[in-house]
Structure formats: structure tokens, C-alpha cells
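Residues per chain are reported as follows:
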Amino acid sequence: MADITLNVYENDFITVKKTAHAQLVKVPFGAVRKLMSLLNVENLSDTKQILNVALSSWDSIVSILDRVFPDIAPEEWDYVDTKELVQVLFKLLKFGTSEILTIPTDPKN
């Protein structure tokens, strides 16, 4: 499993209040599907596109992030760094798609 973390900062945005670790024992297909459809990502390295969609679809994305980061309270999302959040979305997409690619395609299985 990938180690995906996200910092929650104090009001000064310098002091880290806590670091939350993604809870990804299994990647729910629904979460990957929702992220992929929201982001409509053709090139997973396009972080600008991820940021644009994250800003315009925040409510949908935070409902997914709430599952992945259950230790982050709703009011704490206001204290997450935007750059770090985009990197986390990128990592989640990469992790989710890499997990899907490990599914055997041999019809004998």
C-alpha cells in the first residue's frame, strides 16, 4: 500500500497540527470511478487540471476524501494546503489505477 499522508495546519499555515494517513487497505471501485469521472484525467501528471476540478467539485471530492482520511474533521479541511491536497489526489488516482491494473486478465483464473 502506498503511504499517502496529508497535513492539517494551524491558523498560521506553518505549524502542522496533525498528519493524517490514508486508510487504503482496499481501494473502493466507486471512489476510483468517482475521482476519474470528476477529474476526467487523460494525463495523470497534469496537476493543474486536478486542481481546477478539485476546486470546482469540492463537495464531491471531499466526500471521497472523508472516507480515505477519516481522521480529518470537516472543519479541518480548511487548514489543508492546496498544493499538498492536489498531490494527494494525484497519488490516490495513481494508487487506484495501479491497483486495478493488478487484476488478472487470464480467463483461466
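Computed from a predicted structure; not experimentally measured.

(A) A look at the nonpolar core. Ile4, Leu6, Leu65, Phe69 and Trp77 are the most contacted members of the largest nonpolar core, which has 19 residues in total. If you list the elements that add at least two residues to this core, you get strand 1 (5-9), helix 3 (58-68) and helix 4 (82-101). With 5 residues, the single largest contributor to this core is helix 4. Residue contacts for Phe69: discarding those within four places in its chain leaves Ile4, Thr5, Leu6, Ala20, His21, Ala22, Trp77 and Val88.

(B) Seen up close, the packing of aromatic side chains. Under the definition given, this model contains 2 aromatic pairs. Between Tyr9 and Phe13 the ring centres are 5.7 Å apart and the planes differ by 20°, which places this aromatic pair in the stacked class. On the accessibility criterion, Phe13 (36% relative accessible area) is partly exposed.

(C) Geometry of the pairing of strand 2 (residues 16-21). Across 5 bridges, the pairing between strand 1 and strand 2 is antiparallel. In the strand pairing of strand 2, Asn7 is matched with Thr19. Linking strand 1 to strand 2, which pair antiparallel, is a turn of 6 residues; within it Phe13 sits at a positive phi near 55°.

(D) Structural view of the environment of Ile61. Position of Ile61 relative to the elements: it lies in helix 3. As a C-alpha pair, Ile61 and Leu89 span 28 residues in sequence and 9.1 Å in three-dimensional space.

(E) View of the pattern of salt bridges. Overall, the coordinates contain 2 salt bridges when judged by the stated rule. Put simply, Lys17 and Glu76 hold a salt bridge, and the shortest N to O gap is 3.4 Å. Placement of the pair is Lys17 in strand 2 and Glu76 in the loop between helix 3 and helix 4, with a sequence separation of 59 residues. Relative accessible area serves as the criterion here: at 8%, Glu76 is assigned to the buried category. In this structure, the salt-bridge partner of Lys18 is Glu76, at a minimum N-O distance of 2.9 Å. In this pair, Lys18 sits in strand 2 while Glu76 sits in the loop between helix 3 and helix 4, placing the two residues 58 residues apart along the sequence. Relative accessible area serves as the criterion here: at 26%, Lys18 is assigned to the partly exposed category.

(F) Representation of helix 3 in the model. Those residues of helix 3 that fall on the buried side of the exposure criterion are Ile61, Val62, Ile64, Leu65 and Val68. One side of helix 3 holds all its buried residues, which, seen down the axis, span an arc of 160°. What points out from helix 3, more than 90 degrees from its buried face, is the exposed set Asp59 and Arg67.

Parameters at a glance
- Residues numbered from 1 in each chain as written.
- Predicted model: local features only at pLDDT ≥ 70, side-chain atom pairs only at ≥ 80, totals over all residues.
- Heavy atoms only, no water.
- Core = buried A, V, L, I, M, F, W, Y, C linked by side-chain atoms within 4.5 Å.
- Buried < 20%, exposed > 50% of the residue type's maximum accessible area, 1.4 Å probe, protein only.
- Helix = DSSP H or I, 4+ residues; strand = E, 2+ residues; numbered from the N terminus.
- Contact = heavy atoms within 4.5 Å.
- Phe/Tyr/Trp six-rings, centres within 6.5 Å; stacked < 30°, edge-to-face > 60°.
- Pairing = 2+ DSSP bridges.
- Salt bridge = Lys/Arg side-chain N within 4 Å of Asp/Glu carboxyl O.
- Arc of directions from axis to C-beta.

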